[in-house]
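# Close look at the chain arrangement
Take a look at the letters that make up each chain.
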Amino acid sequence: LRNKVTKTKLSHSSQRSNRKVLKIKVAKMMHMTFYWGIKATILFSFWKTDSWLSYILTLIACFVFSAFYQYLENRRVQFKSLSTTRHPPPPRSSSGVSAPLIPKSGTRSAAKAASILLFGVNAAIGYLLMLAAMSFNGGVFIAIVVGLTVGYAVFRSDDGGADAATDDPCPCA
């Protein structure tokens, strides 16, 4: 009788381990093609949409971050142009000696530091936007593209072509 009990316990435990294996094999894969729907996971496992409200709030967040990316890019380009502008040399005095030998570059240094800092922040936002678009949800993709377009129209379209090299449509470039 004791041997039968042991055999039954072993068979139950082997069935449990088989169930665990089956659960691992049935793990859900992420989408690899565009899809339409309110159920999406954006960037992190805790950012999931499962209702219309959470999906619409996610689309608004993607739109706002995309427009904010363009705003920061505009600020960065302005700081960069401020840090590289050459000021004309000061006029010579009557004694023939020009003003200080070491130019005051406090404003240029601060503008260059701000430009470098904004580049890093903007690169991070650009890569996060790219990863959000790679969720392959059609609504998220459209919200990001429309946000970048509206942000460009509002913040960067009237800069007069200040720097053609920074006029790149890819947010993560």
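Residues numbered from 1 in each chain as written. Predicted model: local features only at pLDDT ≥ 70, side-chain atom pairs only at ≥ 80, totals over all residues. Heavy atoms only, no water.

The chain is annotated in an unreviewed UniProt entry as Copper transport protein from Capsella rubella. The UniProt entry for the chain carries the following comment under Subcellular location (unreviewed entry): "Membrane". (UniProt positions renumbered as here; feature names shortened; annotations may be inferred.)

## Considerations on the pattern of salt bridges
Counted according to the given criterion, the structure contains one salt bridge. A salt bridge links Glu73 to Arg76; the shortest N-O distance between them is 2.7 Å. Residue Glu73 and its partner Arg76 are located together in helix α2 (residues 52–84), separated by three residues, close to a single helical turn. Taken as a pair, Glu73 and Arg76 share a single burial class, namely buried. (Salt bridge = Lys/Arg side-chain N within 4 Å of Asp/Glu carboxyl O. Helix = DSSP H or I, 4+ residues; strand = E, 2+ residues; numbered from the N terminus. Buried < 20%, exposed > 50% of the residue type's maximum accessible area, 1.4 Å probe, protein only.)

## A short note on the side chain of Thr58
Mapping Thr58 onto the fold places it in helix α2. For Thr58, a relative accessible area of 4% puts it in the buried group. Here the side chain of Thr58 touches Ser54 through a polar contact of 2.9 Å, landing on its backbone oxygen. (Polar contact = N/O pair within 3.5 Å; in protein donor to acceptor, adjacent residues only side chain to side chain.)

## Points about the nonpolar core
Ranked by size, the top nonpolar core spans 15 residues in total, and within it Val140 and Ile144 carry the most contacts. Where this core is concerned, the elements lending two or more residues are α2, α3 (106–133) and α4 (138–156). With five residues, the top contributor of residues to this core is α3. Contact partners of Ile144, with chain neighbours within four places excluded, come to Cys62, Ser66, Leu129, Ala132 and Ala133. (Core = buried A, V, L, I, M, F, W, Y, C linked by side-chain atoms within 4.5 Å. Contact = heavy atoms within 4.5 Å.)

## What to know about the side chain of Ser54
One can find Ser54 in helix α2. Overall, the relative accessible area of 18% leaves Ser54 in the buried class. Of the polar contacts made by the side chain of Ser54, one reaches the backbone oxygen of Ser51; its length is 3.0 Å.

## Some thoughts on the packing of α2 against α4
With their axes 7 Å apart at the nearest point, α2 and α4 run at an angle of 35° to one another. Viewed along their axes, α2 and α4 form a crossing whose handedness is right-handed. When α2 is examined against α4, the residues Tyr55, Leu59, Cys62, Phe63, Ser66, Ala67, Tyr69, Gln70, Tyr71, Glu73 and Asn74 are found in contact with a partner set consisting of Gly139, Val140, Ala143, Ile144, Val146, Gly147, Leu148, Val150, Gly151, Tyr152, Phe155 and Arg156. Tallied by class, the residues present in the contact of α2 with α4 amount to 15 nonpolar, six polar and two charged. (Axes fitted to C-alpha atoms, helices over the stretch in contact; angles between N-to-C directions. Left-handed = near helix turned anticlockwise from the far one by under 90°. Nonpolar A, V, L, I, M, F, W, Y, C, P; charged D, E, K, R; others polar.)

## A look at α4
With 19 residues, α4 should reach 27 Å at 1.5 Å per residue; the first-to-last C-alpha distance of 26 Å fits that figure. Looking at α4, one finds that the buried residues are Gly138, Gly139, Val140, Ala143, Ile144, Gly147, Leu148, Gly151 and Arg156. Taking the backbone nitrogen of Gly139 as reference, a side-chain oxygen 2.9 Å away marks Asn137 as the first, capping residue of α4. (Expected span 1.5 Å × (residues − 1).)

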